[in-house]
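# Structural overview
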Amino acid sequence: MKIGILGGGQLGRMLLQQAANYTVETYVLENDEQCPAAHLCHHFVKGDIKDFDTVYNFGKGLDALTIEIEAVNVEALEKLESEGIRIYPRPSAIKTIKNKILQKRFYEENNIPTPEFKLTFNTADLQNHLDFLPAVHKLGEGGYDGKGVQVLLDQKDFDKAFNEPSILEKMVKIKKEIAVIVAINDKGETVIFPPAEMVFDPVLNLLDYQLSPAKLDDKVLWKAEAIAISVVKHFESAGLFAVELFVDFDDDVLVNEIAPRVHNSGHHTIEANYSSQYDTLWRIMLGYPFGNTDAILPSAIVNILGADGFSGEAKYDGLDEILGMDNVFVHLYGKSHTKPGRKMGHVTIVHKDYQDLTYKANKIKHTLKVVA
Ligand code: ADP
């Protein structure tokens, strides 16, 4: 079987690490020849994943295709799908998810709980929604990693707003942010991974670390799982999806957004679950039965980000100390250059005791530094 991945970042890299356990010929399309996935595939093709002809020509000889980023040429995928190439997930799902306006409408049409929202086409439109503040302004297309998201507390924040089609979302009083990965195969069978919870730095509001399984009351857990499965089924597509959810102080569960692909909230599943998110996607694409997605043990993920003030060839300070710790798994993404905030790798910690996870997560955050 010949299977292609659009995009060559760390998600593609980890997907390829798992592919080595199966009989599959792998192809990667990406512009950067030094990208994290370039050296782990059988065939690297240099090219723009946003260009129609490039994506079409890349995909036409393959059996199946998947993505590791949503910013791809969907029209080319639609044509490939019409010619019998299997795409995970289907282009129709990618199209909806890629644009936050379409994504929110999709939730509305399918009665999926999600924060209330208004549509804005330019900053002038915001004047019509003063009574809707405080709110979060989100760029319709092109935002990622918090870029394309602005908190608008009052009119004074309007200079930070987007002058392009966007959604204005009611500010939710968030008790917990969780993510649930759901996978669907060609037969329509589903599996779900235990939710992960994000633990945020109260000062910087950057993702500090992640714990999994999330500590949730049973009722909230059931609600989250039911919503995640329901929303993913509505896409009518096989594939693997990460559903990001808010739990508010009334214990209501709301869909924030969905990624139609393997996701950073599932990195820990490599070591902490019997079958990882990457393994699960291969099983879907290769037509194999699902594995067990349960957690073997609780786990934490700490992202390794480029330190502030350092740009250039990456150097990892404190790596020996981290590698000397028990139950700690280091993943470096093979990016030769660091810059402030760049995702350079992650560390997964596995332990039966949440206190141990939290202690080690903090220790790692303070010990490991990416400098230049
Ligand atoms: P991105 O796609 O860039 O990750 P998100 O839509 O996930 O953007 O928003 C980034 C963060 O902003 C979320 O993780 C959450 O902490 C905060 N946020 C987003 N929407 C809301 C909202 N409606 N109310 C409160 N906080 C929000």
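Just above sits the structure.
A brief structural summary. (Residues numbered from 1 in each chain as written. Predicted model: local features only at pLDDT ≥ 70, side-chain atom pairs only at ≥ 80, totals over all residues. Heavy atoms only, no water.)

### Quick notes on the overall build of the protein
Within the protein, the secondary structure is distributed over ten helices and 22 strands. Since a compact globule built from 372 residues should have a radius of gyration of about 21 Å, the 20 Å found for the protein is in line with a globular shape. The dimensions of the protein, computed from C-alpha atoms along their principal axes, are 55 × 50 × 45 Å. Within the protein, the fraction of its 372 residues that count as buried is 53%. For the protein, restricting intrachain contacts to residue pairs at least 6 apart in sequence, the fraction spanning at least 24 positions comes to 61%. For the protein, the accessible area works out to roughly 16,800 Å², and carbon and sulfur atoms hold 49% of it. (Helix = DSSP H or I, 4+ residues; strand = E, 2+ residues; numbered from the N terminus. Rg over C-alpha atoms; globule rule 2.2 N^0.38 Å. Buried < 20%, exposed > 50% of the residue type's maximum accessible area, 1.4 Å probe, protein only. Contact = heavy atoms within 4.5 Å. Areas by Shrake-Rupley, 256 points an atom, 1.4 Å probe, with all protein chains shown as cover.)

### Focus on the nonpolar core
If you look at the biggest cluster of nonpolar residues, it comprises 30 residues, and the most contacted ones within it are Ile3, Leu15, Tyr88, Val262, Leu281 and Trp282. When residues of this core are assigned to their parent elements, the largest contribution, six residues, is made by helix 8 (residues 277-286). Residues within four places of Ile3 in sequence aside, it is in contact with Val24, Glu25, Thr26, Tyr27, Leu62, Ala64, Trp282, Met285 and Leu286. (Core = buried A, V, L, I, M, F, W, Y, C linked by side-chain atoms within 4.5 Å.)

### Examining the packing of helix 2 (residues 52-59) against helix 3 (residues 74-82)
Across the interface, helix 2 lies against helix 3 with an axial gap of 8 Å and an inter-helix angle of 30°. The chirality of how helix 2 crosses helix 3 is right-handed. From helix 2, Phe52, Val55, Tyr56 and Gly59 reach across to helix 3, where they touch Glu75, Ala76, Leu77, Lys79 and Leu80. When the residues that make up the contact of helix 2 with helix 3 are grouped by side-chain class, the tally is six nonpolar, one polar and two charged. (Axes fitted to C-alpha atoms, helices over the stretch in contact; angles between N-to-C directions. Left-handed = near helix turned anticlockwise from the far one by under 90°. Nonpolar A, V, L, I, M, F, W, Y, C, P; charged D, E, K, R; others polar.)

### Section: the packing of aromatic side chains
Between two aromatic rings, the relevant description is the distance of the centres plus the angle of the planes. Taken as a whole and judged by the stated rule, the model has five aromatic pairs. Ring geometry for Phe106 against Phe235: centres 4.4 Å apart, planes inclined by 10°, an arrangement best described as stacked. Taken together, the positions of Phe106 in helix 5 (residues 100-109) and Phe235 in the loop between helix 6 (218-234) and strand 14 (239-248) put the pair 129 residues apart, joining distant regions of the chain. The exposure class assigned to Phe106 is buried, which follows from its relative accessible area of 11%. Among the residues examined, Phe235 registers a relative accessible area of 5% and is labelled buried. (Phe/Tyr/Trp six-rings, centres within 6.5 Å; stacked < 30°, edge-to-face > 60°.)

### Brief notes about helix 10 (residues 354-367)
With 14 residues, helix 10 extends 20 Å from end C-alpha to end C-alpha; this agrees with the ideal 20 Å at 1.5 Å per step. Turning to helix 10, its buried residues number three or more, namely Tyr354, Asp356, Leu357, Lys360, Ala361, Ile364 and Thr367. Take helix 10 and look down its axis: the buried residues cluster within an arc of 160°, on one side only. Exposed residues pointing more than 90 degrees away from the buried face of helix 10 are listed as Gln355, Tyr359 and His366. (Expected span 1.5 Å × (residues − 1). Arc of directions from axis to C-beta.)

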